[in-house]
Amino acid sequence: MYSFEYHRAETVEETLKLGSVLEDARFLAGGQSLIPMMKLRFAKADNIIDLRDLDELRGIEVAHDIVSIGAMARHAEVAASPKVQSAIPALAGLAGGIGDPMVRARGTMGGSIANADPAACYPAACLALGATINTTGGDIEADDFFQGVFETALGEGALVTGAEFPVPDAAAYKKFRHPASRFALAGIFVARFGDLVRVGVTGAGRQGAYRWIEAEDALTENFAVNALDGLHADPSQMNSDIHGDEPYRAHLVEVMTRRAVLNASAHCGDE
Amino acid sequence: MTNTLTMTVNGASVTRDVPANTLLVHFLRDSLRLTGTHVGCDTTQCGACTVHLDGSAVKSCTTLAMTCEGSDVTTIEGLASGDTLHPMQEAFRANHGLQCGFCTPGFVMSAIKIVERLGSGFDDTALREELEGNICRCTGYHNIMKSIRAGAEAMTSKQKTSPDNGAE
């Protein structure tokens with residue numbers, strides 16, 4: 001790891017102030033992406049600003065069919081939250097399936113969203129649930145927030161402070177994990193609000209997480225697995241690496257979408 | 001530039017000057033000479049570096065030491081009381097839960113938190129998922145799972161009889 005100076009502040013306001021005066025500064029949340037990247041020297045910064053003391057960003061609240069999660073809520077906290085489990089069980093399940101127990105004890109929702117790793121789980125949920133991303137530069141709809149591989153609409157020097165997830169009538173997240181890293185080779189979040197269905201895809205797309213509009217249209221017409229018959233994910237939109245080529249990932253997207261729909265349908269009666 | 005860092009490790013307050021980019025695992029191993037915490041993969045996957053930080057099992061190779069300022073850290077060295085092993089350590093010994101032993105400190109630290117979360121009533125599938133973040137290249141995991149089941153029984157029955165033992 002390259003050397004850097006370490007800083008932290010007690011409030012969001014002071015943290016932003018530090019960020020504006022320090023040269024080449026980066027915010028550190030749970031560190032489960034940034035620290036490995038820095039160790040590999042893929043990422044460097046002259047100044048690291050630790051967000052650990054920002055207790056104001058830790059809350060989890062449910063009100064008016066919106067689940068609001070503070071950016072510094074750790075994956076383990078979201079997974080274990082009775083409020084999230086009861087309002088959006090698929091979201092609690094998603095958080096509980098990230099990495100491993102030790103990664104979940106440190107990693108944060110805000111860090112995952114701000115980093116926008118193309119194989120991270122949270123972006124799929126944000127897109128499918130139509131989440132609003134709260135930032136110190138104002139609220140940004142998930143559709144506008146995720147702009148590509150590690151690319152977001154987050155302003156220079158701004159912080160993600162939380163996210164608001166509308167509570168759907170039914171939802172499910174299905175992830176086909178890479179067998180070693182446990183990141184998503186393809187992860188599909190399906191959410192139904194009334195008749196309207198949204199499908200968020202992570203891990204597979206060449207441009208990072210995206211919505212599969214054709215599947216959304218078919219499922220909005222008829223929320224059933226067979227509505228997807230004959231529908232194919234476009235291999236030219238898929239990522240390709242040593243773990244899976246484009247046609248393989250396209251196939252995974254189709255299969256995992258069917259599983260997510262099946263799972264979401266099965267839970268309809270409970271909600 | 002170095003920073004003065006104070007935290008509690010295995011019950012004792014420690015203060016050292018460290019560069020800002022020091023990882024917790026290097027603080028423990030190099031500054032404190034607590035070499036029971038191991039560096040296996042160095043890429044956040046193998047779990048050999050697992051320690052307890054403020055009550056949670058974490059990967060000390062993926063945690064800045066400075067982030068732990070004022071925190072309470074327990075390493076494998078802090079589990080036994082005198083010559084008496086922690087019930088989970090004893091279970092690994094009794095059930096041949098290790099061969100080379102390199103990954104064992106991490107497994108023991110993870111296992112204790114698994115039992116604290118789930119008690120002793122977990123099934124094999126749940127246990128396998130909970131062990132996602134620890135890799136062993138010797139045992140094939142069979143005896144590790146056997147050890148953790150035995151350790152869980154010992155920890156939970158001990159807690160029932162005397163609440164002060166069995167946990168840190």
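All figures in this text were calculated on a predicted structure; none of them were measured in a lab.

## Brief notes about the overall build of chain B
Inference 1: Counting its secondary structure elements, chain B contains five helices and five strands.
Inference 2: Relative to the globule expectation of 15 Å for 168 residues, the C-alpha radius of gyration of chain B, 16 Å, shows essentially globular dimensions.
Inference 3: With respect to the principal axes defined by its C-alpha atoms, chain B has extents near 50 × 35 × 25 Å.
Inference 4: When the 168 residues of chain B are sorted by exposure, 51% land in the buried category.
Inference 5: Look at the contacts in chain B between residues 6 or more apart in sequence, and 58% of them connect residues 24 or more apart.

## Remarks on unusual backbone geometry
A negative phi angle is the norm for most residues apart from glycine, just as the trans form is the norm for most peptide bonds.
All names here are of chain A.
Inference 1: For histidine 64, which is not glycine, the phi torsion reads 50 degrees and is therefore positive.
Inference 2: Among the secondary structure elements, histidine 64 is positioned in the loop between β4 (60–63) and β5 (66–70).
Inference 3: Backbone geometry at aspartate 65 places phi at a positive 60 degrees, although glycine is not the residue there.

## Focus on the interface of chain A and chain B
Inference 1: Contacts between the two partners involve 26 residues from chain A, matched on the other side by 29 residues from chain B.
Inference 2: Contact between chain A and chain B buries roughly 2,200 Å² in total, counting both sides, with carbon and sulfur atoms accounting for 58%.
Inference 3: At the surface where chain A touches chain B, the tally comes to five salt bridges.
Inference 4: A:Arg8 serves as the salt-bridge partner of B:Glu69, at 2.9 Å between the closest nitrogen and oxygen.
Inference 5: The interface formed by chain A and chain B contains 14 residue pairs in polar contact (both at pLDDT 80 or more).
Inference 6: When residues of the side of chain A that touches chain B are traced back to their parent elements, those giving at least two are β1 (5–8), α2 (34–39), β3 (47–50) and α6 (101–106) of chain A.
Inference 7: Its residues assigned to classes, the side of chain A that touches chain B shows 12 nonpolar, five polar and nine charged.

## Re a negative patch on the surface
Residue and element names in this part refer to chain A.
Inference 1: Among the surface-exposed residues, Glu214, Asp217, Glu221 and Asp234 lie close enough to one another that they form a single negatively charged patch.
Inference 2: Tracing the backbone through its elements, the reader meets glutamate 214 in helix α10 (residues 213–221).
Inference 3: Taking the relative accessible area as the measure of exposure, glutamate 214 reaches 48% and is therefore partly exposed.

## With respect to the pattern of salt bridges
Inference 1: Using the criterion set out here, one finds 21 salt bridges over all chains in the structure.
Inference 2: A salt bridge links A:Asp46 to A:Lys44; its shortest N-O distance comes to 3.5 Å.
Inference 3: Residue class for A:Asp46 comes out partly exposed when judged on its relative accessible area of 36%.
Inference 4: The partner of A:Glu216 in a salt bridge is A:Arg211, and the shortest N-O contact between them spans 2.8 Å.
Inference 5: A:Arg211 sits in the partly exposed class, given a relative accessible area of 24%.
Inference 6: Several salt bridges converge on common partners, so that one network encompasses A:Arg8, A:Arg52, A:Asp53 and B:Glu69.

## Some remarks on the packing of aromatic side chains
Residues and elements named next belong to chain A.
Inference 1: Evaluation of the coordinates by the stated rule reveals three aromatic pairs over all chains.
Inference 2: Judged by centre distance (5.1 Å) and plane angle (80 degrees), the ring pair of phenylalanine 145 and phenylalanine 146 falls under edge-to-face. Across the pair, exposure class does not vary: phenylalanine 145 and phenylalanine 146 are buried alike.
Inference 3: Sitting over the face of the ring of tyrosine 2, arginine 41 holds its NZ or CZ atom 4.2 Å from the ring centroid.
Inference 4: Here the guanidinium or amino end of arginine 192 rests over the ring plane of phenylalanine 223, the centre of that ring lying 5.6 Å away.

## A few points about the sheet that holds β3(A)
All names here are of chain A.
Inference 1: Taken together, the three strands give an open sheet; going across it, the order is β1-β3-β2, and neighbouring strands pair in parallel fashion. If you trace the sheet from one side to the other, it starts and ends with β1 and β2 (25–28), each paired once. Adjacent strand axes in the sheet meet at a mean angle of 30 degrees, parallel and antiparallel pairs treated alike.
Inference 2: Where β2 meets β3, four bridges bridge the pair, whose relative direction is parallel. What sits directly across from alanine 25, in β3, is asparagine 47.

## Concerning the domain arrangement of chain B
Residues and elements named next belong to chain B.
Inference 1: Looking at the assigned domains, one finds that chain B contains domain 1 (2–76) and domain 2 (87–161).
Inference 2: The C-alpha-based centres of domain 1 and domain 2 are spaced at 22 Å.
Inference 3: Facing the 18 residues of domain 1 at the interface are 14 residues of domain 2.
Inference 4: Together, the buried faces of domain 1 and domain 2 total about 1,200 Å²; carbon and sulfur atoms form 64% of this surface.
Inference 5: For the domain 1 face of the interface with domain 2, the top three residues by lost area are His38, His52 and Ile76, together amounting to 42%.
Inference 6: Our count for the domain 1 to domain 2 interface comes out at zero salt bridges.
Inference 7: Here domain 1 is connected to domain 2 by seven residue pairs in polar contact (both at pLDDT 80 or more).

About the thresholds
Residues numbered from 1 in each chain as written. Chains lettered and ligands numbered in written order. Predicted model: local features only at pLDDT ≥ 70, side-chain atom pairs only at ≥ 80, totals over all residues. Heavy atoms only, no water. Helix = DSSP H or I, 4+ residues; strand = E, 2+ residues; numbered from the N terminus. Rg over C-alpha atoms; globule rule 2.2 N^0.38 Å. Buried < 20%, exposed > 50% of the residue type's maximum accessible area, 1.4 Å probe, protein only. Contact = heavy atoms within 4.5 Å. Buried area = accessible area lost by both parts, 1.4 Å probe. Salt bridge = Lys/Arg side-chain N within 4 Å of Asp/Glu carboxyl O. Polar contact = N/O pair within 3.5 Å; in protein donor to acceptor, adjacent residues only side chain to side chain. Nonpolar A, V, L, I, M, F, W, Y, C, P; charged D, E, K, R; others polar. Patch = residues over 30% accessible without salt bridge, like charges linked within 9 Å, V, L, I, M, F, W, Y side chains within 5 Å. Areas by Shrake-Rupley, 256 points an atom, 1.4 Å probe, with all protein chains shown as cover. Lys, Arg positive; Asp, Glu negative; His and termini not counted. Charge placed at Lys NZ, Arg CZ, Asp CG, Glu CD. Phe/Tyr/Trp six-rings, centres within 6.5 Å; stacked < 30°, edge-to-face > 60°. Lys NZ or Arg CZ within 6 Å of the ring centre and 35° of its normal. Pairing = 2+ DSSP bridges. Axes fitted to C-alpha atoms, helices over the stretch in contact; angles between N-to-C directions. Domains from an automatic or database assignment.

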